[in-house]
Amino acid sequence: MSATPDFSRFEKLSVKADADGVWVVTLNRPEKRNALDEATIEELVDLFATAPRTGAKSIVLAGAGDHFCAGLDLVEHHKEDRSPADFMHVCLRWHEAFNKMEYGGVPIIAALKGAVVGGGLELASAAHIRVADASTYFALPEGQRGLFTGGGATIRVADLVGKSRMIDMMLTGRVYQGQEAIDLGLAQYLVEGSSLDTAMDLAKLAAANLPLTNFAICSAISHMQNMSALDAAYAEAVVAGVVNTQVDARGRLEAFANKTAARVRPNS
Ligand code: 1HE
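Residues numbered from 1 in each chain as written. Predicted model: local features only at pLDDT ≥ 70, side-chain atom pairs only at ≥ 80, totals over all residues. Heavy atoms only, no water.

### With respect to the environment of Ala203
Mapped onto the secondary structure, Ala203 falls in helix α9 (residues 195-207). A relative accessible area of 0% places Ala203 in the buried class. With 163 residues separating them in the primary sequence, Ala203 and Thr40 have C-alpha atoms 23 Å apart. Other than its neighbours up to four places away in sequence, Ala203 contacts Val22, Ser58, Val60 and Ile109. (Helix = DSSP H or I, 4+ residues; strand = E, 2+ residues; numbered from the N terminus. Buried < 20%, exposed > 50% of the residue type's maximum accessible area, 1.4 Å probe, protein only. Contact = heavy atoms within 4.5 Å.)

This is how it looks when you write it as structure tokens:
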């Protein structure tokens, strides 16, 4: 776990890990605005399937160039002339990647800029924290392209902005940006400077938490949202039973009891 993982197999992604276990994963097709082709999705599946057991404590997800992600590779889709079954299987691989992100237990912070559109918004919405900058804008242009979402927007984008707003975005191509996008829940942070810098700061904060605690935060909450309230309460008690008695937490509890731990204060 402590050795630096081997990222040499990735071609569509650039992956770097620092000594504290903070990984920076960059979609690396800026000339295609980081559109998601099949090969990129396969690399995302690989990366997010292996990251939790190869030392990632938190992950920043970014895009090379001026745009985070332009969504489905429309040119590949056009050239492939896929059958319904073919495209269903494409979508299932997207779900494999994005579910690994949301449920994998490692905090993922998306550093957004420029276009976060279509499948790019589906990708961003599978991250746990989204940081937008002044250039960031969100849209679901599928309606205009004669398409439909296939990478989980009906679940995650509807969850972020609500069913009616998502339907409006798809019917009319409405674009959200700036404070309005934050107020709707499309991102949790809007920064004046670089979203990557803020995402890195947040990733370092998250990486300082105990891994088992982060695992619960970045998997249990999502699972519990899928359950009945009765089952979620039961599952929460079980998860808390494991997490809240972990040996590694003892030092932190002792520091609070000794009055050496930082107190929670309002922002100054
Ligand atoms: C692409 C793609 C793409 C750019 N697939 N190649 N997504 C969309 O409908 C967004 C489509 N893209 C755009 O609206 C614009 O390209 C951007 C706003 C993202 C960027 O604009 P711009 O002016 O900087 O770039 P451009 O000139 O439009 O594109 C530059 C190159 O990137 C060009 O390739 P080139 O070989 O001609 O240089 C474009 O073809 C290429 N490119 N976006 C393929 N998306 C699981 S279902 C999910 C459903 C969806 O995601 S629908 C897709 C929604």
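### Here we look at the pattern of salt bridges
The final tally for this structure, using the stated rule, is 11 salt bridges. Between Lys100 and Glu96 there is a salt bridge; the shortest N-O distance is 2.8 Å. In this pair, Lys100 and Glu96 are both assigned in helix α3 (residues 84-103), 4 residues apart and thus about one turn of the helix distant. Judged by its relative accessible area of 31%, Glu96 falls in the partly exposed class. Connected through shared salt-bridge partners, Lys12, Arg29, Asp37 and Asp73 make up one network. (Salt bridge = Lys/Arg side-chain N within 4 Å of Asp/Glu carboxyl O.)

### Concerning the sheet that holds strand β6 (residues 129-133)
As summarised here, the arrangement of the 6 strands in space is β1-β2-β3-β4-β6-β9, forming an open sheet in which the pairing is mixed. Here the strands that pair on one side only, and so sit at the sheet edges, are β1 (13-17) and β9 (189-191). Each strand axis lies, on average, 20° off the axis of its neighbour in the sheet, ignoring direction. For strand β3 (residues 58-63) and strand β4 (residues 108-111), the ladder comprises 3 bridges, and the chain directions are parallel. When the sheet's bridge partners are listed, Ile59 is paired in β4 with Ile108. Here helix α1 (residues 38-50) sits on the sheet in contact with β1, β2 (22-27), β3 and β4, set at roughly 20° to β1. On the sheet, α9 packs against β2, β3, β4, β6 and β9 and is oriented at approximately 165° with respect to β3. (Pairing = 2+ DSSP bridges. Axes fitted to C-alpha atoms, helices over the stretch in contact; angles between N-to-C directions.)

### Topic: the sheet that holds strand β7 (residues 137-139)
Two modes of strand pairing occur in sheets, parallel and antiparallel, and in both the strands are linked by backbone hydrogen bonds. The strand order across the open sheet built from 3 strands is β5-β7-β8, with neighbouring strands paired in mixed fashion. If you trace the sheet from one side to the other, it starts and ends with β5 (115-117) and β8 (176-177), each paired once. One ladder, built from 2 bridges, connects β7 with β8; its direction is antiparallel. Bridge assignment links Phe138 to a residue of β8, and that residue is Tyr176.

### Overview of the site of the ligand
Residues in contact with the ligand amount to 25 residues; listed here are only the nearest, Lys32, Ala70, Leu72, Gly119 and Arg145. Interatomic distance of 2.8 Å between a backbone N/O atom of Ala70 and a nitrogen atom of the ligand. Summarising the interface, the protein chains cover 69% of the accessible area of the ligand, which totals 1,000 Å² for the free molecule. Considering only residue class, the shell around the ligand consists of 12 nonpolar, 6 polar and 7 charged. (Near = heavy atom within 4 Å. Polar contact = N/O pair within 3.5 Å; in protein donor to acceptor, adjacent residues only side chain to side chain. Areas by Shrake-Rupley, 256 points an atom, 1.4 Å probe, with all protein chains shown as cover. Nonpolar A, V, L, I, M, F, W, Y, C, P; charged D, E, K, R; others polar.)

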